[in-house]
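Inside the fold
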There are 2 protein chains.
Amino acid sequence: MASSGEPVRDDLQAVADILGVLAYGELTAFERLAYDARMAPTLEDKAALGRLATAEFEHFEVLAARLVELGIPAQQAIEPFVEPLEEFHARTAPSDWAESLVKAYVGDGLMRDFYREVTRVLDPETRVVAEKALADTEHVTFLADRIRRIMAEDPRCAGRLALWARRIVGEALVQARLVSTRREALVRLLSGGRGVDLAAAFDRIIEAHGTRMAAVGLSA
Amino acid sequence: MASSGEPVRDDLQAVADILGVLAYGELTAFERLAYDARMAPTLEDKAALGRLATAEFEHFEVLAARLVELGIPAQQAIEPFVEPLEEFHARTAPSDWAESLVKAYVGDGLMRDFYREVTRVLDPETRVVAEKALADTEHVTFLADRIRRIMAEDPRCAGRLALWARRIVGEALVQARLVSTRREALVRLLSGGRGVDLAAAFDRIIEAHGTRMAAVGLSA
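Residues numbered from 1 in each chain as written. Chains lettered and ligands numbered in written order. Predicted model: local features only at pLDDT ≥ 70, side-chain atom pairs only at ≥ 80, totals over all residues. Heavy atoms only, no water.

Mapped onto the secondary structure, A:D113 falls in helix α4 (residues 97–119). With sequence-adjacent residues up to four places away left out, A:D113 is seen in contact with A:I205, A:A208, A:H209 and A:R212. (Helix = DSSP H or I, 4+ residues; strand = E, 2+ residues; numbered from the N terminus. Contact = heavy atoms within 4.5 Å.)

Rendered as structure tokens:
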């Protein structure tokens with residue numbers, strides 16, 4: 001634990017946390033998406049989800065490389081986030097293709113929102129690394145298209161998928177809250193001088209989620 | 001079905017089969033490896049298995065692109081191999097990290113042997129595509145190293161892992177035999193004029209498997 005008299009080390013701890021949670025988030029997203037691809041109804045869909053998964057893996061590699069550059073052991077940086085992220089995925093294992101798509105869409109969206117909130121407190125070089133992951137938007141279009149198509153084919157699944165999306169957001173927030181109670185340096189950096197108003201960030205994330213749900217015809 | 005009077009169409013069917021089984025083999029290997037990565041004991045191991053999985057996905061993309069170039073719908077080319085490959089994976093789901101490594105090592109080896117046997121009957125352009133997948137050998141080194149390390153740490157697991165490897169080869173051969181009874185054009189191309197002696201190819205594959213097992217200290 002860095003004392004308040006060591007701002008640099010404290011900041012480095014917080015940056016390690018941000019890179020750690022993003023890196024492990026990308027890595028577990030990769031594992032789960034690749035596995036969820038088995039439920040795809042066509043080869044085209046399977047390949048598209050696979051492509052999304054490999055993109056997440058590439059983001060992981062870039063984030064892990066930045067940790068190494070900063071002299072932070074990657075294993076140590078991800079450690080605090082292993083349990084919450086594994087728990088999140090264990091509680092949100094999709095049971096069919098539609099649920100896989102909605103989880104990927106909602107999960108990817110939340111991850112992007114989180115990137116946006118945290119990048120502003122990062123040093124310029126680390127920010128470039130984090131922003132690379134955000135640049136990649138074609139997958140979002142694919143996911144939204146497929147969800148809209150499923151809804152068009154069977155409008156009755158709207159209720160079930162809206163509930164499913166709500167569960168994903170709920171589980172993500174539970175785990176995020178758990179993490180924030182344990183990572184003082186992270187919360188201090190995020191809410192500090194150059195930082196963000198956490199309550200406002202939370203509102204922005206929920207609002208963005210609502211917009212995304214509406215875009216595919218689901219109530220948030 | 002192409003009659004024997006239409007050698008070109010018959011060959012194209014066989015090439016579609018080869019690309020189809022390789023493509024779907026790579027795609028399912030990707031899905032399963034990515035999922036098996038969750039059992040990795042360290043981030044380094046998880047990342048290494050993830051890297052192997054993404055390499056398999058890249059091979060899939062190259063093979064699928066070649067199918068498109070040849071005017072063969074990828075979905076149609078993979079169709080005959082979906083059930084056998086899904087069945088293979090369902091019957092060989094690893095229950096721990098050591099089993100994941102051995103499956104990846106044995107499975108990757110068998111796939112490479114199969115590539116080697118079939119590339120000689122392919123047209124030069126398709127051969128280049130298939131050989132790209134073979135060029136990539138650093139993953140084999142990683143897998144062999146990790147298996148050796150596990151055996152060094154706990155020599156008692158040698159018996160269990162040898163049995164496990166035998167089961168993987170057995171299941172692969174059962175599915176391969178099933179496929180060969182159904183794909184006449186493929187068998188005809190493989191065993192035809194420019195082709196291979198199937199019994200000899202089978203012997204070579206079993207021999208190569210034995211060599212690979214010995215290399216990590218496991219009995220075949």
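The next thing to look at is the packing of aromatic side chains. A full pass over the atoms with the stated rule returns six aromatic pairs over all chains. Ring centres of A:F30 and A:F57 lie 4.9 Å apart, and the angle between their planes is 50°; on these two criteria the pair is classed as tilted. You can see A:F30 sitting in helix α1 (residues 7–36) and its partner A:F57 sitting in helix α2 (residues 43–69), a full 27 residues away along the chain. One exposure class covers both A:F30 and A:F57, and it is buried. Seen in terms of ring centroids, B:F57 and B:F60 are 5.6 Å apart; in terms of plane orientation they differ by 45°. Their pairing is tilted. With B:F57 and B:F60 both in helix α2 (residues 43–69), this residue pair falls three residues apart, about one helical turn. (Phe/Tyr/Trp six-rings, centres within 6.5 Å; stacked < 30°, edge-to-face > 60°. Buried < 20%, exposed > 50% of the residue type's maximum accessible area, 1.4 Å probe, protein only.)

Bringing the interface of chain B and chain A into the picture now. Counting residues at the interface gives 24 residues for chain B, matched by 24 residues for chain A. Both faces combined, the contact of chain B with chain A buries some 2100 Å², and carbon together with sulfur accounts for 69% of it. It is B:E31, B:Y35 and B:L43 that lose the most area in chain B upon contact with chain A, and together they represent 29% of the buried surface on that side. Viewed at the interface, chain A and chain B are joined by six salt bridges. Between B:E31 and A:K46 there is a salt bridge, with the nearest N and O atoms lying 2.6 Å from each other. (Buried area = accessible area lost by both parts, 1.4 Å probe. Salt bridge = Lys/Arg side-chain N within 4 Å of Asp/Glu carboxyl O.)

A:I18, A:L218, B:I18 and B:L218 are the most contacted members of the largest nonpolar core, which has 146 residues in total. Beyond its immediate stretch of four places on either side in the chain, A:L218 contacts A:V102, A:I147, A:M151, A:A158, A:L161, A:A162 and A:M213. (Core = buried A, V, L, I, M, F, W, Y, C linked by side-chain atoms within 4.5 Å.)

All told, the structure shown has three cavities of 30 Å³ or more when counted by the stated rule. The calculated volume of the largest cavity comes to roughly 90 Å³. Residue lining of the largest cavity: 13 residues in total, with A:E56, A:H59, A:D108, A:R112 and A:A133 positioned closest to the centre. Sorting the residues of the lining of the largest cavity by element identifies α2, α4 and α5 (124–135) of chain A as the ones contributing at least two each. Here the lining of the largest cavity is built from residues that sort into six nonpolar, two polar and five charged. Its volume calculated, the second largest cavity comes out at about 50 Å³. Together, B:E26, B:E56, B:H59, B:D108, B:M111, B:R112, B:Y115 and B:A133 line the second largest cavity. Elements with a contribution of two residues or more to the lining of the second largest cavity: α2 and α4 (97–119) of chain B. Counting residues per element, the lining of the second largest cavity draws most heavily on α4(B), which supplies four residues. In the lining of the second largest cavity, the residues fall into three nonpolar, one polar and four charged. (1 Å grid on protein atoms, 1.4 Å probe; cavity = no way out; pocket = protein on both sides within 12 Å on 5 of 7 lines; lining within 4 Å. Points joined across faces, edges and corners; volume = space filled by probe spheres on them. Nonpolar A, V, L, I, M, F, W, Y, C, P; charged D, E, K, R; others polar.)

Residues and elements named next belong to chain A. Mean pLDDT over chain A stands at 88; residues scoring 70 or higher make up 94%. Of the regions scoring below 50 in pLDDT, residues 1–7 engages in three contacts with residues more than four places distant in sequence or in other chains. Predicted as a complex, the structure gets a pTM of 0.86 and an ipTM equal to 0.82. (pLDDT = per-residue confidence, 0-100.)

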